[in-house]
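Tertiary structure, described
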Protein chains: 2
Amino acid sequence: MTSASQRRLEARQAREATLLGLAQRILLEEGYLGLTMDRLASESGYAKGTLYLHFKNKEDLICALLHQFQVHRMELFDRVQGLELPHRARMMALGLAAESFVLGYPENARIEPILKMASLRNKASLERREALEAIETHCMERILGEAQAASLAGELPGPADTVVQPLVLGLWSLHVGFNVLHNLESSCCGPLPPGTPRHPHAAMFPVAQRLLDGYGWRPLSHEFDYSSLRTKLIRERFFAEAGALLES
Amino acid sequence: MTSASQRRLEARQAREATLLGLAQRILLEEGYLGLTMDRLASESGYAKGTLYLHFKNKEDLICALLHQFQVHRMELFDRVQGLELPHRARMMALGLAAESFVLGYPENARIEPILKMASLRNKASLERREALEAIETHCMERILGEAQAASLAGELPGPADTVVQPLVLGLWSLHVGFNVLHNLESSCCGPLPPGTPRHPHAAMFPVAQRLLDGYGWRPLSHEFDYSSLRTKLIRERFFAEAGALLES
DNA sequence: GCTTAACTTGACGGACCGTCACAATCTGAC
DNA sequence: GTCAGATTGTGACGGTCCGTCAAGTTAAGC
């Protein structure tokens, strides 16, 4: 029946959510090496075979976890749309959202590199891979949209088709690269230049500003107090759920 | 005595080099999942126990491989020192060297993410981890040195202690993040904005220029033809060994 | 209540890592 | 030349973890 299969479906989804929540907890407490399918099975109370009804394999589970995390990032990104600010200021807010996400969901960085390896990523099911990519694309498009709007409004000089795309790619790369490096540093003083602030995310802010200045995106950093806006958003806990650590 | 132990040591080092070369070949031909200790043992003709005389564990082998690759990058970086050019132009040449490395040693990107995970990186032996970090630091310091020299020469405005370090970190992040994203894209059209050039490395060049412009590093991009210099270096095959693909 | 379909289980096979007791080889003194 | 002792090499083995599947259990429909 409809109601019967409906109930089944809901139960299934609820169980999947439980499993993902548990996986997240194990990941946080025991690290990546502590997260095994056997353990997830025994701690969840379900048999291993049941796990494989939800996840094609371990990489698929990782992919699902990553998806879960990045949904939160997307929500933070979407929140920026409600801010009445110049495009460049909103772009800065997107950067702050990305920072908040990194701080609020440290488990994300623990497992992200796994799927950065093509051979492992391709082991996950197509649906999950596409779902994850869809989220990432959505975030990317928020950034892209802001830059395009600025270009259209004449605040970002130069032809849109040769300026917008590289700029966005640059910002995104900056963010990704930064987190990769920071992730190393926290574990074993990796290849970061000496003197990097304790919250490297805060260190990223001025660099991004310079990049945008380099593109001539108005208002330039000396024409608008982006720094104050940044601290104001933090003080007001605009990204509170994820970025509670931002104030420290 | 000395000559005997000398010979032994040399034989050992030669064997290690053979093993690493073989590992690289397997990695290239079969991908990461094809590279197992058993396989390396059987293909090399040595027993598995012998491998473990050289490498503490698999992560240690990965670390050694990565080290081997990055030595080549360092050599490319060091070559830039011989160029008689403004500091900013030399910085650009360093970027080109990094691109060449990425193109010339694709296996590097295959395994790099593994050690980006702290829990796995820490499994490698301390010596190798430190050796790898030393190389990375060396490359970083080449970049840092160029920026510091520029700052000292008055070509890079602002106080050195608040400008140089973030700038270098930004460039490095840009490079790292770019490669991470590109690596994804090549496998499964990951989260890159549409229209990214086929050789994303070439796409990184103008972004870095804008960033340096944002810092006001003289000569600015409209005061010096960095683009021509770039193509000239490529044409002259200045980084030929690694960057043969650059011309395509 | 009974048949059939859907779901769940955990023992099992297999891949791979890393070890260790034993074997082979080398060294240097006599 | 030879032999004890040290060094180096071996591959079978134990352990961990992944993913499967035949057998068992529950629920649905009639």
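Note: the structure precedes this text.
What comes next concerns the included structure.

Calculation rules
- Residues numbered from 1 in each chain as written.
- Chains lettered and ligands numbered in written order.
- Predicted model: local features only at pLDDT ≥ 70, side-chain atom pairs only at ≥ 80, totals over all residues.
- Heavy atoms only, no water.
- Helix = DSSP H or I, 4+ residues; strand = E, 2+ residues; numbered from the N terminus.
- Polar contact = N/O pair within 3.5 Å; in protein donor to acceptor, adjacent residues only side chain to side chain.
- Axes fitted to C-alpha atoms, helices over the stretch in contact; angles between N-to-C directions.
- Parallel < 35°, antiparallel > 145°, perpendicular 65-115°, else oblique.
- Left-handed = near helix turned anticlockwise from the far one by under 90°.
- Contact = heavy atoms within 4.5 Å.
- Nonpolar A, V, L, I, M, F, W, Y, C, P; charged D, E, K, R; others polar.
- Buried < 20%, exposed > 50% of the residue type's maximum accessible area, 1.4 Å probe, protein only.
- Disulfide = S-S within 2.5 Å.
- Phe/Tyr/Trp six-rings, centres within 6.5 Å; stacked < 30°, edge-to-face > 60°.
- Lys NZ or Arg CZ within 6 Å of the ring centre and 35° of its normal.

For the rest of this paragraph, the subject is the environment of R25(A). All names here are of chain A. Considering the arrangement of structural elements, one finds R25 in helix α1 (residues 2-30). A sequence separation of 82 residues divides R25 from E107, and the C-alpha atoms of the two residues are 9.1 Å apart. A polar atom in the side chain of R25 sits 2.8 Å from the side chain of E29.

Glancing now at the packing of helix α4 (residues 58-80) of chain A against helix α5 (residues 87-104) of chain A. Residues and elements named next belong to chain A. It is the contact of α4 with α5, at a shortest axis distance of 9 Å, that shows an interaxial angle of 155 degrees. Considering their axes alone, α4 and α5 lie roughly antiparallel with respect to each other. The way α4 lies across α5 gives a crossing that is right-handed. Along the contact surface, α4 presents F69, Q70, R73, L76, F77 and V80, while α5 presents R90, A93, L94, A97, A98, S100 and F101. Looking at the contact of α4 with α5 residue by residue, the classes come out as nine nonpolar, two polar and two charged.

Now for unusual backbone geometry. Residues and elements named next belong to chain A. In this model, R218 is joined to P219 through a cis peptide bond whose omega is -10 degrees. Position of P219 among the secondary structure elements: in the loop between α10 (200-214) and α11 (226-235). Residue R237 is not a glycine yet carries a positive backbone phi of 55 degrees. Mapped onto the fold, R237 is located in the loop between α11 and α12 (240-243).

An α-helical turn contains 3.6 residues, so a residue and the one three or four places further along point in the same direction. Of all 11 residues that make up helix α6 (residues 106-116) of chain B, eight are buried, and the element is covered over most of its length. All of the buried residues along α6(B) are E107(B), N108(B), I111(B), E112(B), P113(B), I114(B), L115(B) and K116(B).

Looking now at the packing of α5(A) against α11(A). Residues and elements named next belong to chain A. Axis separation between α5 and α11 bottoms out at 10 Å; the angle between their running directions is 45 degrees. Between α5 and α11, the angle falls in the class oblique. When the axes of α5 and α11 are compared, the crossing they make is right-handed. Two secondary-structure elements touch here, α5 through R88, A89, M92, A93, L96 and E99 and α11 through Y226, L229, R230, L233 and I234. Its residues assigned to classes, the contact of α5 with α11 comprises eight nonpolar, no polar and three charged.

Before going further, it helps to spend a moment on the state of the cysteines. Two cysteines form a disulfide when their sulfur atoms are joined by a covalent bond. Tallying each qualifying case throughout the model produces zero disulfides over all chains. Of all cysteine sulfurs, the one in C63(A) lies closest to C139(A), which takes part in no disulfide; the gap is 15 Å.

What follows covers the packing of aromatic side chains. Evaluated as defined, the whole model comprises eight aromatic pairs over all chains. Of the aromatic side chains, those joined through ring pairs into one cluster are F69(A), F101(A) and Y105(A). Here R15(B) stacks its cationic end above the ring of Y46(B), 5.2 Å away from the centre of that ring. Across from the ring centre of F205(B), 5.0 Å away, lies the NZ or CZ of R230(B), which sits over that ring.

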